[in-house]
Each structure stands twice: as C-alpha cells, then as structure tokens.
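# Structure at a glance
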Amino acid sequence: MGAEVQHGCWTSGWGKKGERAEPLLRSELCKQMNSATAHLIRCLQHIHKVIRKANEILAGISHPSVCREVLLSAPGTAYIWGLSEIYQISRRLGEAMNARKLASELVLQTLHEVDLAWNNLLSFLAFGRSAFQALLRLPAAVSEPCLALPNDGANHVCGVCLTVVKQEPQVHLGNLDPIVCQGFFYHVSCANFWLNCVDSTLPRET
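Residue indices begin from 1 for each chain and proceed along its sequence in written order. Thresholds applied to this predicted model are a pLDDT of at least 70 for local features of residues and 80 or more for the giving and counting of side-chain atom pairs; totals over whole chains, interfaces and linings are not thresholded and use all residues. Only hydrogens and water are removed before side-chain values are computed, so all heavy atoms of the structure are retained for them.

The name given to the chain in an unreviewed UniProt entry is Synergin gamma-like, with Python bivittatus as the source organism.

Right, let's talk about the overall build of the chain for a bit. Only DSSP runs of H or I with at least four residues qualify as helices, and only runs of E with at least two residues qualify as strands; both kinds are numbered from the N terminus onward. Looking only at helices and strands, the chain features 6 helices and 4 strands. When the helices and strands of the chain are placed in sequence order, the string is β-β-α-α-α-α-α-β-β-α. Partly exposed describes any residue whose relative accessible area lies between the buried limit of under 20% and the exposed limit of over 50%, with all areas from a 1.4 Å probe on protein chains only and scaled to the type maximum. For the chain, buried positions account for 38% of its 206 residues. Long-range contacts, defined here as pairs at least 24 residues apart, represent 62% of the contacts in the chain between residues at least 6 apart. Two residues form a contact once any of their heavy atoms are found within 4.5 Å.

Quick look at unusual backbone geometry now. Non-glycine residue Leu162 carries a positive phi angle of around 65 degrees. By secondary structure assignment, the location of Leu162 is in the loop between helix 5 (133–136) and strand 3 (179–181). The backbone phi angle of Gln182 is positive, close to 55 degrees, even though this residue is not glycine. For Gln182, the location among the structural elements is in the loop between strand 3 and strand 4 (184–186).

Next up on the list: the packing of helix 2 (residues 64–72) against helix 3 (residues 74–100). A fitted line through C-alpha atoms represents every axis, and for helices the fit uses only the stretch in contact; the resulting angles, taken between N-to-C directions, go from 0 to 180 degrees. Helix 3 packs onto helix 2 with a crossing angle of 75 degrees between their chain directions and a minimal axis gap of 4 Å. The pairing of helix 2 with helix 3 is recorded here as roughly perpendicular in orientation. Contacts from Val70, Leu71 and Leu72 of helix 2 reach helix 3 at Ala74, Gly76, Thr77 and Ile80. Gly is put with the polar residues, along with every residue not named as nonpolar or charged; the nonpolar set is Ala, Val, Leu, Ile, Met, Phe, Trp, Tyr, Cys and Pro, and the charged set is Asp, Glu, Lys and Arg. Here the contact of helix 2 with helix 3 is built from residues that sort into 5 nonpolar, 2 polar and no charged. Oblique is the label for any angle not under 35 degrees, not over 145, and not in the 65 to 115 range, which are roughly parallel, roughly antiparallel and roughly perpendicular in turn.

Encoded structure:
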C-alpha cells in the first residue's frame, strides 16, 4: 500500500506497527503546520495594520504641500524607511509560506491586503523620487539582496519571518548584525517589529 495525503498531511500505508505510529505522526505534522500558518497570519495582520495606519495618517493631511514637507523632513523620511523594512518582513513571510507550503486562503488574502496598502502608501511618495527612489522602483525589490552571514555554514532561521537569517543592508539605523536571544536568531527589523507592534516576547522559530 502506498503513501497518501489526507487533509493536507502525509500518511503512510505501513503495517500494523506503522498504523499505530501514523496517527501520532500525522497529528504532530498538522500541529506544526497549523502553528506556522497561524504565526504567518498573525505577523501579516500586524504588518497590514501598521501600513494601513500610515496611509490613514497621510490621507488625513489636507494640504499636499504639508504632506510633502512632512515626508521630506528627517523624521518623515526615517518613518517611511522604517515602514519599508516592515514591508520587507511581509515579503520574507511570503517566501517562508512558499518554502514550507503553508499557503491558505487567509494567508494569501492577508498578503494581498499588505501589498495593496503598501502600493497605496507609495502613491504619497511620487513627488519625492530622489528621496524615495529605491521604494518607488517596483516590482524590483526594495533593497539590495541580503548578504549571507560569514559563519560556520549553519542555516539559522529567524523566529519571526521563518527565513534564513541574513544581514540586512536596507536597515538604515542601528546594528546590522542579526540578534541572538536565548539561542534563537532574528533579523534586526523582524525583532524590532515584533517587540514594538506584536508582542513583548520574541517568538521561537516554528
């Protein structure tokens, strides 16, 4: 009897011994998949909330000249670049979804909503092409490709975005090196986003 898939989880057609172990294996695999999917959705929903709030703030500025002045100020520019780092987390979450085959209707819908909110935000930046040129260069990536860490060759996975931890040349402020907390690894932008927008405790890689 060959292997088969039931409800998205792998099962086996082994004999009696395998049949006794199979429900436990299937249950554990389903639990891991459900946990990772819930994590993706939670992260994406908070990312969408942050970018949507930024859109609401900018839309609430009645005069375009005032909006331009605010965005081109040093704090305004730093704010936009901070949002771009948060948007990059959503792209890494999308990579994790594809790599782990965690696509679901809710995950895909939330990813789509994040992209819509980000594209809407970009419309506020059209006047500042010199200041926000990298952000307006779509569909190209917002930042340069990440640089692989010069380490022992081990692949350390970020506990937030669930992708391999790499250095982040797009981070404009602070330490570019990944964070290690209690033996778990995190991108700087992922850790900052999680602690400031999601929870006071960093998650562990799922």
